[in-house]
Amino acid sequence: ATNVLEEGYSKVDNNRKLLAMLTRYQLTENQYDEAANRIKQEIQGNSDDTELYTLLGSVYISADKLSMAEDNLKKSITLKKDFNQPYALLSKLYIKRGQQQDAINILKDGLNNIEGDIALTTNLAGIYTSKQDYDSAIGLYEKSLTVNPGNAVIVNNLAMLLAEHR
């Protein structure tokens, strides 16, 4: 499978989707260095591409190279503050390190830049819920509803919290 993906990757001009597929495959095969090296090659020609830094950060998380992952995810955020994926990945990295407050802070930063983002909202509310800070989780969902009225994920999560904790 790697050979087929690599062959396709080398023949396609816009190979971003194929690069992501090849990277995911390499991660399942524990080929972390190969995946990281291929992405670094792409970054050399696209040094301002936030998606590449995010992809590299996710490879480093999988390889348990958390400092390198953190550096690349922060670079991604610096390049494009309104892209939610690096915030979410960075919060998971902080949780993995036991840095819950840092995870909360990065998600809040993300929500300041991408108001009402569903993924960041649910991640942050999940952290609040795990801390049994239900009022903060409920308030976050209520605020998100003003930006995303009627969003099923937000409505369902809010209803569940209200039913169980109020």
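What you are looking at is a predicted structure, and each value in this text was computed from that prediction instead of being measured.

### As for the overall build of the protein
Turning to step 1, where the next piece is worked out: Helix and strand counts for the protein come out as 10 helices and zero strands.
Turning to step 2, where the next piece is worked out: Listed by position from the N terminus, the elements making up the protein come as α-α-α-α-α-α-α-α-α-α.
Turning to step 3, where the next piece is worked out: Taking the principal axes of the C-alpha coordinates as reference, the protein spans close to 55 × 30 × 30 Å.
Turning to step 4, where the next piece is worked out: Counting over 166 residues, the protein shows a buried share of 42%.
Turning to step 5, where the next piece is worked out: By sequence separation, contacts in the protein at least 24 residues apart represent 45% of the contacts at least 6 residues apart.

### A few points about the environment of isoleucine 106
Turning to step 1, where the next piece is worked out: If you trace the backbone, isoleucine 106 turns up in helix α7 (residues 100-113).
Turning to step 2, where the next piece is worked out: Given a relative accessible area of 11%, isoleucine 106 falls into the buried group.
Turning to step 3, where the next piece is worked out: For the pair isoleucine 106 and tyrosine 87, spaced 19 residues apart in sequence, the C-alpha separation works out to 6.2 Å.
Turning to step 4, where the next piece is worked out: Ignoring any residue separated from it by four or fewer positions in sequence, one finds isoleucine 106 in contact with Ile77, Tyr87, Leu90, Ser91 and Tyr94.

### Topic: the packing of helix α8 (residues 118-130) against helix α10 (residues 152-165)
Turning to step 1, where the next piece is worked out: At a closest axis distance of 11 Å, the pairing of α8 and α10 adopts a crossing angle of 15°. Judged on the interaxial angle alone, α10 and α8 are roughly parallel. Read as a crossing pair, α8 and α10 show a hand that is left-handed. Counting all contacts with α8, which are made through Ile118, Thr121, Thr122 and Thr129, the residues of α10 involved are Val153, Ile154, Asn157 and Leu161.
Turning to step 2, where the next piece is worked out: In the contact of α8 with α10, the residues fall into four nonpolar, four polar and no charged.

### Notes on the pattern of salt bridges
Turning to step 1, where the next piece is worked out: If you walk through the whole model with that rule in mind, you get seven salt bridges.
Turning to step 2, where the next piece is worked out: Ionic pairing is found between arginine 16 and aspartate 49, a salt bridge with its closest N-O pair at 2.7 Å. Taken as a pair, arginine 16 in helix α2 (residues 16-28) and aspartate 49 in the loop between α3 (32-45) and α4 (50-62) lie far apart in primary sequence, 33 residues in all.
Turning to step 3, where the next piece is worked out: For arginine 16, a relative accessible area of 22% corresponds to the partly exposed category.

Calculation notes
- Residues numbered from 1 in each chain as written.
- Predicted model: local features only at pLDDT ≥ 70, side-chain atom pairs only at ≥ 80, totals over all residues.
- Heavy atoms only, no water.
- Helix = DSSP H or I, 4+ residues; strand = E, 2+ residues; numbered from the N terminus.
- Buried < 20%, exposed > 50% of the residue type's maximum accessible area, 1.4 Å probe, protein only.
- Contact = heavy atoms within 4.5 Å.
- Axes fitted to C-alpha atoms, helices over the stretch in contact; angles between N-to-C directions.
- Parallel < 35°, antiparallel > 145°, perpendicular 65-115°, else oblique.
- Left-handed = near helix turned anticlockwise from the far one by under 90°.
- Nonpolar A, V, L, I, M, F, W, Y, C, P; charged D, E, K, R; others polar.
- Salt bridge = Lys/Arg side-chain N within 4 Å of Asp/Glu carboxyl O.

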